[in-house]
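# Per-entry structural report
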Amino acid sequence: MTKKIALLMVVMLLASALVFVSCSQNTVPRPNTDDDDREPVANTVGDISDNLLTNGSFDVQNTGELSDTEDSGTLGFVDGALSVDTGAIDYGQVHIDLTKYYARGKSYYIQASFKNNGTTGKINMNANIDCTVVSGAVQDAVDRMNWDGYYDCPEIYEGGLLEAGDDALESFTEFLEDTTLDVVPVIANGLEINDTSFVTVGAILDAETIDMLLTNTTNIYSPGTTPTMYKMLVNFYVGDGKDCSGYKYLLDDIVIYDLNYDYDDEEGQYEGQTWTNPNDQA
C-alpha cells in the first residue's frame, strides 16, 4: 500500500521537524559510515528489455498486473483502457509492483498515457508517475515503530524519478536517443490532462536513486547491515498528491523497460525481494 505517499511528501516539505519527531523518535541514530562494502551503484544503459508488462495496453480486461487495487478506487475498462474512479479515496493511486524485477544496478523507464474521463471541480489535473522503494530494514521496523505499515515511514519518500532537467539524465542519453524502441521515450511528468486526447508522461527510476533509498533507510533503521529490498512500486495518479479523491480518468499504454536487461550472474537476471522474513528463519 502506498496511499500515504502524497501526504507524507508534503508534510516532509512543510514540517519535516514535526514528522521526524512523530514518526522517527525511536530510531537508532544514523551512523557516520556506510558498512556496505559492495561496489558502488552507477547509472548505466545496457540492453533494453521488452515491456515488462504483458497487458500494459489493457487489451485484455484484466487487472492482474496491478497491485493494491482496492486503494485505487473503482477500476473498469473503457475502449481498451483502464478506467479509474478514485471516489472518496484520498490517496487513490494505481500501483504496479516491480519488486520481482529488482536487481542491484538496474534502472527502469516508465511511461503511461492519461485522459480525463469525467472529472469535474478539480483545479489540478496533472498526471503523475512516482515510485516507492522500501528496504527490508524499514519493513522490520514497522512493529518497532508502531506504524500501520511501511508507508508510514517518511524516509522512503526522499527520492523520486528522474525528470526533465535532472543532471543525472545524462547517463541515459543513449536510451533517450534510441530510435529502435517500440515507444518513443518521453521525459515529462506532471503534465495537465484533458478530455479530448491522451497525454503521455514518462520518467526514469534510476539505479542510484534505488540504492540511495535502500542504503539510507537501512542506515537509519538497521545500521551496520547490508541493505535489502522489500518492495518496489511504481505509482500512477492524477492531482496534486495531497488529495487524490474525486478523479475519473483513463490510464493506458503503460510501458516499463528494464534499461539493463543484459545484467546477469550465476543467480539469474533478477534478484527480486532480497529481504528475508525473520519469522521464517529457523
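Heads up: these notes are all about the structure in this document. Note that the structure is a prediction, hence the values are computed from the model and not measured.

This next bit is on the overall build of the chain. Of regular secondary structure, the chain possesses four helices and nine strands. For the chain, the sequential pattern of α-helices and β-strands runs α-β-β-β-β-β-α-α-β-β-α-β-β. Burial status across the chain gives 49% buried among its 282 residues. Of the contacts formed within the chain by residues at least 6 apart in sequence, a portion of 78% connects residues at least 24 apart. Roughly 13200 Å² of accessible area belongs to the chain as shown, and the carbon and sulfur atoms make up 45% of that amount.

Moving on to the side chain of Asn-55. Among the structural elements, Asn-55 can be located in the loop between helix H1 (5–24) and strand S1 (74–78). Asn-55 sits in the buried class, given a relative accessible area of 12%. Polar contacts involving the side chain of Asn-55 include one to the main-chain carbonyl oxygen of Val-60, which spans 2.8 Å.

Next up on the list: helix H2 (residues 136–144). Taken together, the buried positions of H2 are Gly-136, Ala-137, Val-138, Ala-141 and Val-142. Buried positions along H2 lie against strand S5 (126–135), helix H4 (207–221) and strand S8 (229–238). In the stretch just after H2, Asn-146 is the one whose phi turns positive, near 60°.

Bringing the sheet that holds S5 into the picture now. Taking strand neighbours across the sheet as the criterion, the four strands line up as S3-S8-S5-S6 in an open arrangement whose pairing is antiparallel. Two strands close off the open sheet at either side, each with one partner strand: strand S3 (94–97) and strand S6 (191–192). Judged from the four bridges that link them, S3 and S8 form a sheet pairing that is antiparallel. Pairing of His-95 across the sheet is with Asn-235, part of S8. Across the sheet, H2 is in contact with S5 and S8; its angle to S5 comes to roughly 80°. Set on the sheet, H4 makes contact with S5 and S8; between it and S5 the angle comes to about 45°.

Time to look at the sheet that holds strand S9 (residues 248–258). An order of S1-S2-S9-S4-S7 is seen for the five strands of this open sheet, with the pairing classed as antiparallel. The sheet is open, and its two edges are formed by S1 and strand S7 (199–205), each paired on a single side. When strand polarity is set aside, the average angle formed by the axes of neighbouring strands in this sheet is 30°. Of the strand pairs in this sheet, strand S2 (residues 81–85) and S9 are connected by four bridges, and their pairing is antiparallel. Its bridge partner being in S9, Ser-83 is matched across the sheet by Leu-250.

Soluble globular proteins tend to pack their nonpolar side chains together in the buried interior. One finds Phe-114 and Phe-236 to be the most contacted residues of the largest nonpolar core, which totals 39 residues. The biggest single contributor to this core is S8, with five residues. The next biggest cluster of nonpolar side chains, apart from the first, holds 17 residues, and it includes Ala-141, Met-145, Tyr-150 and Ile-156.

With respect to the helices and strands, Leu-181 occurs in the loop between helix H3 (173–176) and S6. The buried category is assigned to Leu-181, whose relative accessible area is 17%. Residues Leu-181 and Ile-48 lie 133 residues apart in sequence; the distance between their C-alpha atoms is 8.5 Å. Discounting chain neighbours no more than four positions away, the residues touching Leu-181 are Ile-48, Phe-175 and Tyr-257.

Here the focus is the packing of aromatic side chains. Across all of its chains, the model carries 10 aromatic pairs by this definition. With centroids separated by 5.5 Å and ring planes inclined at 75°, the aromatic side chains of Trp-147 and Tyr-221 adopt a geometry described as edge-to-face. Remark: Tyr-221 occurs in helix H4 and Trp-147 occurs in the loop between H2 and H3; sequence separation between them is 74 residues. Exposure remark for Tyr-221: the relative accessible area of 4% places this residue in the buried category. Three or more aromatic residues joined by ring pairs form one cluster here, namely Tyr-150, Tyr-151, Tyr-230 and Trp-275. Its end group placed over the ring of Tyr-230, Lys-231 keeps NZ or CZ at 5.6 Å from the ring centre.

Thresholds, definitions, all that
- Residues numbered from 1 in each chain as written.
- Predicted model: local features only at pLDDT ≥ 70, side-chain atom pairs only at ≥ 80, totals over all residues.
- Heavy atoms only, no water.
- Helix = DSSP H or I, 4+ residues; strand = E, 2+ residues; numbered from the N terminus.
- Buried < 20%, exposed > 50% of the residue type's maximum accessible area, 1.4 Å probe, protein only.
- Contact = heavy atoms within 4.5 Å.
- Areas by Shrake-Rupley, 256 points an atom, 1.4 Å probe, with all protein chains shown as cover.
- Polar contact = N/O pair within 3.5 Å; in protein donor to acceptor, adjacent residues only side chain to side chain.
- Pairing = 2+ DSSP bridges.
- Axes fitted to C-alpha atoms, helices over the stretch in contact; angles between N-to-C directions.
- Core = buried A, V, L, I, M, F, W, Y, C linked by side-chain atoms within 4.5 Å.
- Phe/Tyr/Trp six-rings, centres within 6.5 Å; stacked < 30°, edge-to-face > 60°.
- Lys NZ or Arg CZ within 6 Å of the ring centre and 35° of its normal.

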